[in-house]
Amino acid sequence: MKRVLLAVCGLAPQVLTETLYGLHQQNRLPSIVRVISTRPGVDACLSQLFGPQGAYPQFLKDYQVDAESIDFSSQSLKCVNNVQGHPLGDICEEDDNRCFLRACMQAAFELSREPETTIFYSIAGGRKTMGSCLSLAAQLYGRPQDRIYHVLVSPEFESCRDFFYPPPQSRLIQLYDSKQQPYQKESCFAQIRLITMPFFSLRERITDPLLQQAETPATLMASLVIDAKPQLQIDMRGRKVIWKTREADLPPSLLALYAFFAELKKTAQCELQPCVGCSECYLDLPQILKNNNLDRIAQIYQQIRPERELVSMSSTGIGSLSAENFNSTRSKLNKQLEEAYGSYEKNSIQLDKQGQKPGVRYGLHLSRQQITLSW
């Protein structure tokens, strides 16, 4: 899987080589590097990283990395424009921040469209608001394989403009103490650590139409609030249930019972609209055990397993449903749903019961619009 480094950078391009060094130590060097910055930030990268004496070609030489293996050059630097369309000199106003955020969203959107990539979002460089913008873009467009990184450098080396990464052969670096008095220290004492930041991806909850082009965070967040209700899909041929994109296999007997109640909900002649939280189509045990309903459950089972005759089944199985084993079968079904989706989600899709004995009734709580049966 191709690795991409998307970073923000300010006036200290050292953060880029430090990040590359940290990834190199993890054997995770990217094959593509993209940087978002302001005009002064781009100028700093050009003057300090590139060219014959630049820190980046020296890094490649020091660690014997083939320059052709990483797509990183002056063309990889993105200078953000302000609202007037001029290169952004700094982030001083809200409009400047909006422009920078838009650039981060655009870059995250474009790079994440290719599924066979892992994106490393480096938020260590530049002003704090720059890292916040990229972090927000990552949480909206990032995938499970992506990561958000911050880089931590030993304090005495962090503020040194001549330090870009620890070279293989240690050398003396001139540093300054708190009173700005110079002193020297071997580069081997510098520690660089990549810290993985908490990453809560919201991309899977964003609807497909909003993933066709880069959108504003407000648009994407609003879509999450008004997101369409999830669909329960019961795939009879595949012998599985799909809920919120997650699949779960069910034994044929449990699937047959589940499909019976789903069909009952879908075909109910109910005047109540919308169909949500309604139990008008629930059945009590005597109704469930009527011959026509038992025959329908058996018919569904044989559609799932046509090779097996009902007469060959256990006397306590789905082919011989009774008052004694119905609750046991229902309990097994709900237990499997809980194991697959967790107790919270199970409450939405379980074979529900309402009322008190002897008037307990059973059915699905979901609305008929949320249920799909495919044969």
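For clarity, every value in this text was computed on a predicted model and none was experimentally measured.

Cut-off values and rules
- Residues numbered from 1 in each chain as written.
- Predicted model: local features only at pLDDT ≥ 70, side-chain atom pairs only at ≥ 80, totals over all residues.
- Heavy atoms only, no water.
- Helix = DSSP H or I, 4+ residues; strand = E, 2+ residues; numbered from the N terminus.
- Rg over C-alpha atoms; globule rule 2.2 N^0.38 Å.
- Buried < 20%, exposed > 50% of the residue type's maximum accessible area, 1.4 Å probe, protein only.
- Contact = heavy atoms within 4.5 Å.
- Areas by Shrake-Rupley, 256 points an atom, 1.4 Å probe, with all protein chains shown as cover.
- pLDDT = per-residue confidence, 0-100.
- Pairing = 2+ DSSP bridges.
- Axes fitted to C-alpha atoms, helices over the stretch in contact; angles between N-to-C directions.
- 1 Å grid on protein atoms, 1.4 Å probe; cavity = no way out; pocket = protein on both sides within 12 Å on 5 of 7 lines; lining within 4 Å.
- Points joined across faces, edges and corners; volume = space filled by probe spheres on them.
- Nonpolar A, V, L, I, M, F, W, Y, C, P; charged D, E, K, R; others polar.

Caption draft 1: Spotlight on the overall build of the protein chain. From N to C terminus, the protein chain includes 11 helices and 15 strands. The C-alpha atoms of the protein chain give 30 Å as radius of gyration, which overshoots the globular expectation for 375 residues (21 Å, by more than 25%). Principal axes of the C-alpha set define a box for the protein chain whose edges measure 90 × 45 × 40 Å. Looking at the protein chain residue by residue over its 375 residues, the buried ones come to 47%. Partitioning the contacts of the protein chain with sequence separation of at least 6, the portion at a separation of at least 24 is 69%. If you sum the accessible surface of the protein chain, you get close to 19,900 Å²; carbon and sulfur atoms cover 48% of it.

Caption draft 2: Structural view of the confidence of the model for the protein chain. Of all residues in the protein chain, 92% attain a pLDDT of 70 or more, and the chain-wide mean is 88. No element of the protein chain has a lower mean pLDDT than helix α7 (residues 217–225), at 73, and none a higher one than strand β2 (residues 32–37), at 98.

Caption draft 3: Representation of the sheet that holds strand β15 (residues 371–374) in the model. Overall, mixed pairing links the four strands, which are arranged β11-β10-β9-β15 in an open sheet. Each edge of the sheet is formed by a strand with only one pairing partner; in this case those strands are β11 (246–249) and β15. Within the sheet, the average angular offset between the axes of one strand and its neighbour, ignoring direction, is 15°. Relative to strand β10 (residues 240–243), strand β9 (residues 232–235) runs antiparallel, the two sharing four bridges. Residue Leu232 lies in a different strand from β10, and its bridge partner there is Trp243. Relative to β15, helix α8 (residues 252–267) is tilted by about 120°, and along the sheet it contacts β9, β10 and β15.

Caption draft 4: Just the layout of surface pockets, in detail. Approximately 290 Å³ is the volume attributed to the second largest pocket. Lining the second largest pocket are 14 residues, with Ala12, Val15, Glu18, Ala124 and Glu158 positioned closest to its centre. When contributions to the lining of the second largest pocket are tallied by element, the ones reaching two or more residues are α1 (14–25) and β5 (147–153). For the lining of the second largest pocket, the leading source of residues is β5, giving four residues. The residue inventory of the lining of the second largest pocket, partitioned by class, reads seven nonpolar, four polar and three charged.

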